[in-house]
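# Remarks on the overall topology
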Amino acid sequence: MNQSEVQILISEADLHTRILALAAEIALSMTGETILVIGLCKGAFVFTADLVRALAKLGIRMEIDFMVLASYGAAKESSGVIEVKLDCTIPLAGRRVLLLDDILDTGKTMTHAVAMLRTRGADRIQTAVLLDKPERRTTTFQADFVGFTIPDRFVVGCGIDYAEQYRELPYIGYVV
Ligand code: IMP
Ligand code: MG
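Sequence order as written defines residue numbering, which begins from 1 separately in each chain. Following the order in which they are written, the chains are lettered starting with A and the ligands numbered starting with 1. In keeping with the predicted nature of the model, local features appear solely for residues at pLDDT of at least 70, side-chain atom pairs appear and are counted solely at 80 or more, and the whole-chain, interface and lining totals rest on all residues. Heavy atoms from the whole structure form the basis of all side-chain values; hydrogens and water molecules are not counted.

### Remarks on unusual backbone geometry
Across the junction of C41 and K42, the peptide omega takes the value 5°, indicating a cis bond. Checked against the element boundaries, K42 lands in the loop between β2 (35-41) and α2 (45-57). Of note, Y166 is a non-glycine position whose phi angle comes to about 80°, a positive value. Secondary structure elements are taken from DSSP: a helix is a run of H or I of four residues or more, a strand is a run of E of two residues or more, and numbering for both begins at the N terminus. Along the chain, Y166 falls in the loop between β8 (155-156) and β9 (172-175).

### Notes on the packing of aromatic side chains
Aromatic pairing here means that ring centres of Phe, Tyr or Trp (its six-membered ring) are within 6.5 Å. Orientation follows from the plane angle: under 30 degrees is stacked, over 60 is edge-to-face, and everything else is tilted. Tallying each qualifying case throughout the model produces 1 aromatic pair. Here, a charge over a ring is recorded when the distance from Lys NZ or Arg CZ to the ring centre is within 6 Å and its angle to the ring normal is within 35 degrees. The residue whose ring lies beneath R153 is Y174, and the NZ or CZ to ring-centre distance is 3.7 Å.

### Structural notes on the packing of helix α1 (residues 12-28) against α2
Angle between the axes and distance between the axes are the two parameters that describe a pair of packed helices. Orientation is described by axes fitted as lines to C-alpha atoms, over the contacting stretch for helices, and by angles from 0 to 180 degrees between their N-to-C directions. Contact geometry of α1 with α2 gives a least axis separation of 9 Å together with a crossing angle of 60°. It follows that α1 is oblique to α2 by the angle criterion. α2 is crossed by α1, and the crossing has right-handed handedness. Every residue of α2 that contacts α1 at I19, L20, L22, A23, I26 and A27 is listed here: F47, D50, L51, A54 and L55. Among the residues forming the contact of α1 with α2, the class breakdown is 10 nonpolar, no polar and 1 charged. Roughly parallel covers angles under 35 degrees, roughly antiparallel covers those over 145, roughly perpendicular covers 65 to 115, and oblique covers all other angles. It is the rotation of the near helix from the far one that decides the hand of a crossing: anticlockwise by less than a right angle makes it left-handed, clockwise makes it right-handed. Here, residues are in contact when the closest pair of their heavy atoms is within 4.5 Å. Gly counts as polar in this scheme, as do all residues outside two lists: the nonpolar Ala, Val, Leu, Ile, Met, Phe, Trp, Tyr, Cys and Pro, and the charged Asp, Glu, Lys and Arg.

### Examining helix α3 (residues 108-119)
The end-to-end C-alpha distance of α3 is 17 Å, a good match for the 16 Å that 12 residues give at a rise of 1.5 Å each. On its buried face, α3 sits against β2, β3 (62-71), β4 (82-86), β5 (96-104) and β6 (124-132). Where α3 terminates, the next one or two residues include G121, which has phi positive at roughly 95°. Given the number of residues in a helix, its expected span is that number minus one, multiplied by 1.5 Å.

### Some points on the nonpolar core
Counting residues in hydrophobic clusters, the biggest one holds 32 residues, and the most contacted among them are I26, L51, L98, L130, L131 and I172. Mapped by element, the contributors of at least two residues to this core are α1, β2, α2, β5, β6, β7 (145-149) and β9. In contact with L130, not counting residues within four places along its chain, are L15, I19, F47, D101, D102, G147, F148, C158 and I172. Buried residues of nine kinds, namely Ala, Val, Leu, Ile, Met, Phe, Trp, Tyr and Cys, make up a nonpolar core once their side-chain atoms join them within 4.5 Å. Each residue is placed in one exposure class: buried if its accessible area under a 1.4 Å probe, protein chains only, is under 20% of its type's maximum, exposed if it is over 50%, and partly exposed if it falls in between.

### Observations concerning the sheet that holds β9
Two strands qualify as a pair provided that DSSP identifies no fewer than 2 bridges between them. Spatially, the 3 strands line up as an open sheet ordered β1-β9-β8, and their pairing is antiparallel. Looking at strand neighbours, the two that pair on one side only are β1 (6-10) and β8, the edges of this open sheet. In this sheet, β9 lies alongside β1 in antiparallel orientation, the contact comprising 4 bridges. Its bridge partner being in β9, V6 is matched across the sheet by V175.

### Focus on the pattern of salt bridges
By convention in these notes, a salt bridge is any Lys or Arg side-chain nitrogen within 4 Å of a carboxyl oxygen on Asp or Glu. Summed over all chains, the structure comprises 12 salt bridges. When the shortest N-O distance is used, the salt bridge between R18 and E25 registers 3.1 Å. What makes E25 partly exposed here is its relative accessible area of 34%. Put simply, D152 and R136 hold a salt bridge, and the shortest N to O gap is 3.9 Å. In this pair, D152 sits in the loop between β7 and β8 while R136 sits in the loop between β6 and β7, placing the two residues 16 residues apart along the sequence. Accessibility expressed as a relative area gives 21% for R136, which makes it partly exposed. A cluster of three or more residues bridged by salt bridges with shared partners is formed by K42, D161, E164 and R167.

Purely spatial values, then, with no claim about function.
See the structure below:
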């Protein structure tokens, strides 16, 4: 892969600074219990790793789990038919959950994921996304915490892929 194909939108330094600030916003809303952080994979694996370490520095206690969801249909857009490919294993009943995803686009993935966690008895569910593309929303979903609001362009890096490439990039960029 040639990294010069990717034009930087959000630098590594800006990501670092914003994630620390986001952790501080999230920590303010917490009330001392051990939270359950659930990252949606694969996209949110880097955001989850960065955010949980920032939250830990602020004294937040947590358990961490992951889910893999898949959406049928076109590769670049959620169809809204969402399947659990790999489930989280920590019981949700009565838990305070912080659900993380890489990008909030149409909102179908998060709408479905929140409904599912609620059905399983999660007590309170808050959501945080690294990136939000509000222009693309087709649902009423709004995240409780947003890292960056970005324009309606396809991005990669920091866990986010294009055809399974570019997840490893330490910045967010456009494929050019
Ligand atoms: P939603 O269900 O439409 O909100 O879709 C969110 C999911 O779509 C994200 O978790 C990503 O997997 C994917 N997605 C949305 N926009 C992009 C993008 O710009 N690059 C890569 N994946 C994207
Ligand atoms: Mg995703």
